[in-house]
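Structure at a glance
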Amino acid sequence: MTEPRATTGALHPANPAHALRGGPTRVSAKAETFTESVIREMTRLAAAHGAVNLAQGFPDFGCPPELKEAAKAAIDADVNQYAITWGAQDFRRAIAEKVGRTYAGWTVDPETQVCVTCGSTEAMIAAMLALVDPGEEVIVFTPFYENYGPDAILSGAAPRFVELHQPDWSIDEAELRAAFNDRTRAIIVNTPHNPTGKVFTRAELDLISELCQRHDVLCFTDEIYEHIHYLGDGGHVPPATVPGLEDRTVTINAMSKTYAVTGWRVGWAIAPPALTGAIRKVHDFLTVGAAAPLQAAGVAAMGLPQSYYVDMAEKYRERRDYLCGALAQAGFRFRAPDGAYYVLCDTTDVDPDRDDVALARRLVEQVGVAAVPGSSFQPDPADGRSMIRFAFPKRIETLQLAAEKLAALKA
Ligand SMILES: Cc1ncc(COP(=O)(O)O)c(C=O)c1O
């Protein structure tokens, strides 16, 4: 566990000179505290070098045709004006029904417990702005999805980092216990987890529940990969279904990954009514609402049969196995992910210099494959120096091309 601080792989310590500088080019102290997203920067580099983009986690295959038809029909039917700010009623109802269908015993009231947002990215920052006060702490497991650091800082909170330990990215109970204190307002869980592929176990969630109750802490859980895991039925446990967490959990989700529509920017937060009320207010003033015709298509998405999810997970398993084979051949070491669609690799054997940023640059410029340097998932960049993340939401042909290129690393 590390002390709270305002740095992540994408963050730099606040510049003390900030207050001394003025003029039209001065930016806010908050904005100075973090850099652009490294993940999104790698995508731009991949395009510039014509490299296979295994950096940013977006599919290079189509979304279900039912969704395209529903979106087109909604535009034709002139569903083109603002939806209700916290989400079209039929979409909220469809979300609540799908949750109930998928997880026995989890009942969501679409009138009071759902806020539709512009992707899960907006759901998380809206929740943090709505529920966390400046000076409070938010516990974040490392390595972590790079948005959570800036999310905490934008909401005025200090992230307190707790390490997930290799090889299986486990939680050290004593470290987690020690991280909770009087200032702790929330813990961020991300399961299945980006970048490690960890899926939180019931025992881990029980521990988190015990600690959240003891210290009166909220649980923000990002479950954007809820259907992308390799553990079979019941493998993913939503924290909101864990005893003790029901009335203190904000569940963040989106259409982005499950339905291969990352560009649609449709997500949602599910939370107890009092919390939802605050999230809805913040969301209204941040964005007013998510695209109305795409929410209509969201109703079609929520209506897809269970076989859609089974089939999707199976296809992801094939992609995972293919990429893992190619990465092992190329000399990377890793633990095959249990969930999500990333492989976080130890680069010690292919990069004795332990310079993840230089390796990522070499991969994109000379090998022709884009990946994300491990330091962008760590509060202290030094902790990610011998790590790199590859994403596999790609057609097998794309992964084959990447495999051919990666083979050059050993040549
Ligand atoms: C853990 C996690 N949360 C959120 C997001 C972003 O989701 P959205 O596109 O719905 O904003 C990503 C994207 O990679 C992610 O990996």
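Residues numbered from 1 in each chain as written. Predicted model: local features only at pLDDT ≥ 70, side-chain atom pairs only at ≥ 80, totals over all residues. Heavy atoms only, no water.

**Details of the overall build of the chain**
When you go through the chain residue by residue, the secondary structure sums to 13 helices and 14 strands. On C-alpha atoms alone, the chain measures out to a radius of gyration of 21 Å, which is about the 22 Å that the 2.2 N^0.38 rule sets for 411 residues. Considered along the principal axes of its C-alpha atoms, the chain spans approximately 60 × 50 × 50 Å. Burial status across the chain gives 56% buried among its 411 residues. The contacts of the chain with a sequence gap of at least 6 include a subset with a gap of at least 24, amounting to 75%. Side chains of the chain carry 39 positive and 52 negative charges; the gap between the two charge centres is 3 Å. (Helix = DSSP H or I, 4+ residues; strand = E, 2+ residues; numbered from the N terminus. Rg over C-alpha atoms; globule rule 2.2 N^0.38 Å. Buried < 20%, exposed > 50% of the residue type's maximum accessible area, 1.4 Å probe, protein only. Contact = heavy atoms within 4.5 Å. Lys, Arg positive; Asp, Glu negative; His and termini not counted. Charge placed at Lys NZ, Arg CZ, Asp CG, Glu CD.)

**Some points on the site of the ligand**
In the vicinity of the ligand there are 15 residues, among which Thr121, Asp222, Tyr225, Ser256 and Lys257 approach most closely. Measuring from an oxygen atom of the ligand, one finds a side-chain N or O atom of Thr121 at 2.5 Å. Between the ligand and Arg265 there is a distance of 2.8 Å, counted from an oxygen atom to a side-chain nitrogen or oxygen. For the ligand, whose accessible area on its own is 400 Å², the fraction buried by protein is 92%. (Near = heavy atom within 4 Å. Polar contact = N/O pair within 3.5 Å; in protein donor to acceptor, adjacent residues only side chain to side chain. Areas by Shrake-Rupley, 256 points an atom, 1.4 Å probe, with all protein chains shown as cover.)

**Brief notes about the confidence of the model for the chain**
Any residue range with low pLDDT should be treated as having predicted coordinates unsuitable for detailed reading. A residue-level look at the chain finds 95% of positions with pLDDT of 70 or above and a mean pLDDT of 93. Predicted confidence is poor over residues 1–14, with pLDDT under 50, and the contacts of this stretch with residues over four places away or in other chains come to 50 contacts. (pLDDT = per-residue confidence, 0-100.)

**Comments concerning the packing of aromatic side chains**
Considering all chains together, one arrives at 15 aromatic pairs under this definition. For the ring pair Tyr145 and Tyr148, a centre distance of 5.6 Å and an interplane angle of 80° mean the geometry is edge-to-face. Tyr148 matches Tyr145 in its accessibility class, with the two residues each being buried. When the ring of Tyr225 is compared with that of Tyr341, the centres are 5.2 Å apart and the planes differ by 75°; the resulting orientation is edge-to-face. Remark: Tyr341 occurs in the loop between strand S10 (333–334) and strand S11 (342–346) and Tyr225 occurs in the loop between strand S7 (218–222) and strand S8 (249–254); sequence separation between them is 116 residues. (Phe/Tyr/Trp six-rings, centres within 6.5 Å; stacked < 30°, edge-to-face > 60°.)

**Side note on the side chain of Thr258**
Turning to its location among the elements, Thr258 is positioned in the loop between S8 and strand S9 (267–270). Residues in contact with Thr258, not counting those within four places in the same chain, are Ile224, His227, Tyr308, Tyr309 and Met312.

**Focus on the sheet that holds strand S2 (residues 114–117)**
The sheet built from eight strands is open, its strands ordered S2-S9-S8-S7-S6-S3-S4-S5 with mixed pairing. Every other strand in the sheet has two partners, leaving S2 and strand S5 (170–171) as the edge strands with one partner each. The strands that helix H4 (residues 89–102) touches are S2 and S9; relative to S2, the one it contacts most, it runs at about 115°. Packing against the sheet, helix H9 (residues 273–287) makes contact with S2, S7, S8 and S9, and its axis sits at approximately 25° to S2. (Pairing = 2+ DSSP bridges. Axes fitted to C-alpha atoms, helices over the stretch in contact; angles between N-to-C directions.)

**A short note on the packing of helix H11 (residues 306–330) against helix H13 (residues 396–407)**
Pairs of packed helices are described in terms of their axes, by the angle between the two and the distance that separates them. At a closest axis distance of 9 Å, the pairing of H11 and H13 adopts a crossing angle of 5°. Taken as axis vectors, H11 and H13 run roughly parallel relative to one another. Across the interface between the two elements, Glu318, Arg319, Tyr322, Leu323, Ala326, Leu327 and Ala330 of H11 pack against Ile396, Leu399, Gln400, Ala403 and Leu406 of H13. Looking at the contact of H11 with H13 residue by residue, the class counts come to nine nonpolar, one polar and two charged. (Parallel < 35°, antiparallel > 145°, perpendicular 65-115°, else oblique. Nonpolar A, V, L, I, M, F, W, Y, C, P; charged D, E, K, R; others polar.)

**Focus on H9**
Because each turn of an α-helix spans 3.6 residues, side chains separated by three or four positions in sequence point in the same direction. Look at H9: 20 Å from first C-alpha to last across 15 residues, which is about the 21 Å you get at 1.5 Å a residue. Of the surrounding elements, those touching the buried residues of H9 are H4, S2, helix H5 (119–131), S7, S8 and S9. (Expected span 1.5 Å × (residues − 1).)

**Observations concerning the sheet that holds S11**
Each strand in a sheet pairs with its neighbour through backbone hydrogen bonds, running either in the same direction (parallel) or in the opposite one (antiparallel). Read from one edge to the other, the open sheet built from four strands follows the order S10-S11-S14-S13, with strand pairing classed as antiparallel. Strands at the two margins of the open sheet, each flanked by one partner only, are S10 and strand S13 (372–373). Two elements, S11 and strand S14 (residues 387–391), share five bridges in a ladder whose sense is antiparallel. Within S14, the position partnered with Val343 by the bridge is Phe390.

**So, unusual backbone geometry**
Both trends apply: most residues other than glycine have a negative phi, and most peptide bonds are in trans. The peptide bond linking Thr142 to Pro143 adopts the cis configuration, its omega dihedral lying at -5°. Position of Pro143 relative to the elements: it lies in the loop between strand S3 (137–142) and helix H6 (148–154). Each neighbour pair has its own omega, and for Asn194 with Pro195 the value is 15°, a cis peptide bond. As for its placement among the helices and strands, Pro195 is situated in the loop between strand S6 (184–190) and helix H8 (202–215).

**Here we look at the pairing of S11**
Two faces belong to every sheet, and in a regular strand the side chains alternate between them. Counting buried residues along S11, four of its five residues qualify, which places the element largely inside the surrounding structure. In terms of strand pairing, S10 meets S11 through two bridges, oriented antiparallel. In the sheet register, Arg333 faces S11, and the bridge partner there is Asp346.

**Focus: helix H2 (residues 38–49)**
Between its first and last C-alpha, H2 extends 16 Å over 12 residues, near the 16 Å set by a 1.5 Å rise per residue. Taken together, the buried positions of H2 are occupied by Val38, Ile39, Met42, Thr43, Leu45 and Ala46. One side of H2 carries all its buried residues, which in axial view fall inside an arc of 165°. For H2, the exposed residues lying more than 90 degrees away from the buried face are Ala47 and Ala48. Buried residues belonging to H2 abut strand S1 (52–53), helix H12 (356–367), strand S12 (369–370), S13 and S14. (Arc of directions from axis to C-beta.)

**Re the pattern of salt bridges**
All told, the structure shown has 19 salt bridges when counted by the stated rule. Asp60 is the partner of Arg395 in a salt bridge, and the nearest nitrogen-oxygen pair spans 3.4 Å. Here Asp60 lies in the loop between S1 and helix H3 (65–76) and Arg395 lies in the loop between S14 and H13, a separation of 335 residues in the sequence. Note that Glu210 is salt-bridged to Arg214, the shortest N-O span being 2.8 Å. Taken together, the residues span about one helical turn, with Glu210 and Arg214 both in helix H8 at a distance of four residues. Classification of Glu210 by relative accessible area gives partly exposed; the value is 27%. (Salt bridge = Lys/Arg side-chain N within 4 Å of Asp/Glu carboxyl O.)

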